[in-house]
Amino acid sequence: MAGKTVVVTGASGGIGAALARRFAAEGAQVVVNGTSPERLHAIAEEIDAKAVPGDASTIVPAARAALGGRIDVFCANAGILAMGGPEAEESRWAHAWDVNVMAHVRAAHDLLPEWLGRGSGRFISTVSAAGLLTMIGAAPYSVTKHAAFAFAEWLSATYRHRGTIVHAICPQGVRTKMLGGAGTVGDLLLKPGAIEADQVVDRLFEAITEDRFLVLPHPEVADYYTARATDPDRWLRGMNRLQQTVEEAHGTARPATARPGTQDTAEDI
């Protein structure tokens, strides 16, 4: 990464700040982007990067100018956690779609002519294990992260032979501000196995050395993903049991009568 030019969105803290620090330590020129200018400028000063605050959807032209006209690596890291289900306001769904998906699409739109023209570029998408599996209590987040993963997958399938390398990072719980906003779901299901943001970045850099698409900071996610694909109904029964666990913790559980042959077991979960 020495001498490469890198843009990191959502870099005011958490995984984004960890990405920016690591790329700078590896010798890259870094632009950090985020919506918290004070924290963003503090990160930029710490690692000798350039801060470009604002909307991640429109960052590419300003970042390119700050880097002297060239972007080698783009980290589509900005994201929001939107809880709820179909009852969530449409504005919440729209905001999650805009930040978690369309910001990636718009960045790719601006980056690909440059990358395809010279035959190289690297797009790093911070997705989430929710994009491979799902997240209890967070339909807008789960749905948009599925879409973010699908878009990253599509980019790789379409442009890999033309030099654009794509990585999709899919962690479970990470000790960031977002984890604190996950409420009971985060406390029960994510915090026990949560890792540090630096560990996520370590796994990414291992994938970079191999040009490997899928980055799983929690190795067990591979087993869950395999179980989901192999026996979807069994996997969904297990997830439904987790849903019931969350409801019980909230005191909102309702009695349920299991049909014969559908009882959950510890192995399902």
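Residues numbered from 1 in each chain as written. Predicted model: local features only at pLDDT ≥ 70, side-chain atom pairs only at ≥ 80, totals over all residues. Heavy atoms only, no water.

Quick word on the side chain of H167
In step 1: Examined against the element boundaries, H167 turns out to sit in strand β6 (residues 164–169).
In step 2: Separated by 2.7 Å, the side chain of H167 and the backbone oxygen of R212 make a polar contact. (Helix = DSSP H or I, 4+ residues; strand = E, 2+ residues; numbered from the N terminus. Polar contact = N/O pair within 3.5 Å; in protein donor to acceptor, adjacent residues only side chain to side chain.)

Some words on the packing of aromatic side chains
In step 1: This structure, assessed with the given rule, holds five aromatic pairs.
In step 2: Here W154 and Y159 contribute two aromatic rings whose centre-to-centre distance is 5.8 Å and whose plane-to-plane angle is 80°, an arrangement assigned as edge-to-face.
In step 3: Assessed through its relative accessible area of 45%, W154 is described here as partly exposed.
In step 4: An aromatic cluster of at least three residues, connected via ring pairs, comprises F151, W154 and Y159.
In step 5: R22 extends its terminal NZ or CZ atom over the ring of F205, reaching a point 4.3 Å from the ring centre.
In step 6: Directly above the ring of W235 sits R228, whose terminal nitrogen or CZ lies 5.6 Å from the centroid. (Phe/Tyr/Trp six-rings, centres within 6.5 Å; stacked < 30°, edge-to-face > 60°. Buried < 20%, exposed > 50% of the residue type's maximum accessible area, 1.4 Å probe, protein only. Lys NZ or Arg CZ within 6 Å of the ring centre and 35° of its normal.)

Details of unusual backbone geometry
In step 1: The backbone of D48 shows a phi angle near 60°, a positive value even though the residue is not glycine.
In step 2: Secondary-structure assignment places D48 in the loop between α2 (37–47) and β3 (50–51).
In step 3: Unlike most non-glycine residues, S128 shows phi in positive territory, near 145°.

A few points about the pairing of strand β1 (residues 5–8)
In step 1: Covered by surrounding structure in β1 are T5 and V7 together with V6 and V8, the residues of both alternating faces.
In step 2: Both β1 and strand β2 (residues 29–32) contribute to a ladder of four bridges, which runs parallel. Looking at the pairing, V7 lines up with V31 of β2.
In step 3: Following the chain from β1 across helix α1 (residues 14–25) to the adjacent parallel β2, one finds a crossover that is right-handed.
In step 4: Note: β1 against strand β4 (residues 73–76), three bridges, orientation parallel. Bridge pairing in β4 places V8 opposite C75. (Pairing = 2+ DSSP bridges. Right-handed = clockwise from strand over helix to strand, strands pointing away.)

What to know about the sheet that holds β2
Two strands in a sheet stick together by hydrogen bonds in their backbones, pointing the same way (parallel) or opposite ways (antiparallel).
In step 1: The seven strands lie next to each other as β3-β2-β1-β4-β5-β6-β7, forming an open sheet whose pairing is parallel. Two strands in the sheet have a free side with no partner beyond their single neighbour: β3 and β7 (214–215).
In step 2: Pairing geometry for β6 and β7, over two bridges, is parallel. The residue bridging A168 from the neighbouring strand is L214, located in β7.

Some remarks on the pairing of β4
The two faces of a sheet get side chains in turn, since along a regular strand they alternate between them.
In step 1: Of the two faces of β4, the one holding V73 and C75 and the one holding F74 and A76 are both buried throughout.
In step 2: One ladder, built from four bridges, connects β4 with strand β5 (residues 121–126); its direction is parallel. Among the inter-strand pairings, A76 is bridged to a residue of β5, identified as S125.

Some words on the nonpolar core
In step 1: Ranked by size, the top nonpolar core spans 36 residues in total, and within it V7, F74, L111, F123 and L155 carry the most contacts.
In step 2: Broken down by secondary-structure element, the contributors of at least two residues to this core are α3 (59–66), β4, α4 (90–118), α5 (139–159), β6 and α10 (232–250).
In step 3: Excluding anything up to four places from it in sequence, L155 contacts A108, L112, F123, R160 and V166.
In step 4: Formed by 31 residues, the second largest nonpolar core is a distinct cluster that contains I15, A18, I43 and I47. (Core = buried A, V, L, I, M, F, W, Y, C linked by side-chain atoms within 4.5 Å. Contact = heavy atoms within 4.5 Å.)

Comments concerning the environment of T126
In step 1: Mapped onto the elements, T126 comes out in strand β5.
In step 2: For T126, a relative accessible area of 7% gives the class buried.
In step 3: If we ignore the near neighbours within four places in the chain, the residues touching T126 are I15, L19, A76, N77, K145 and I169.
In step 4: Side chain to side chain, T126 and N77 meet in a polar contact 2.9 Å long.

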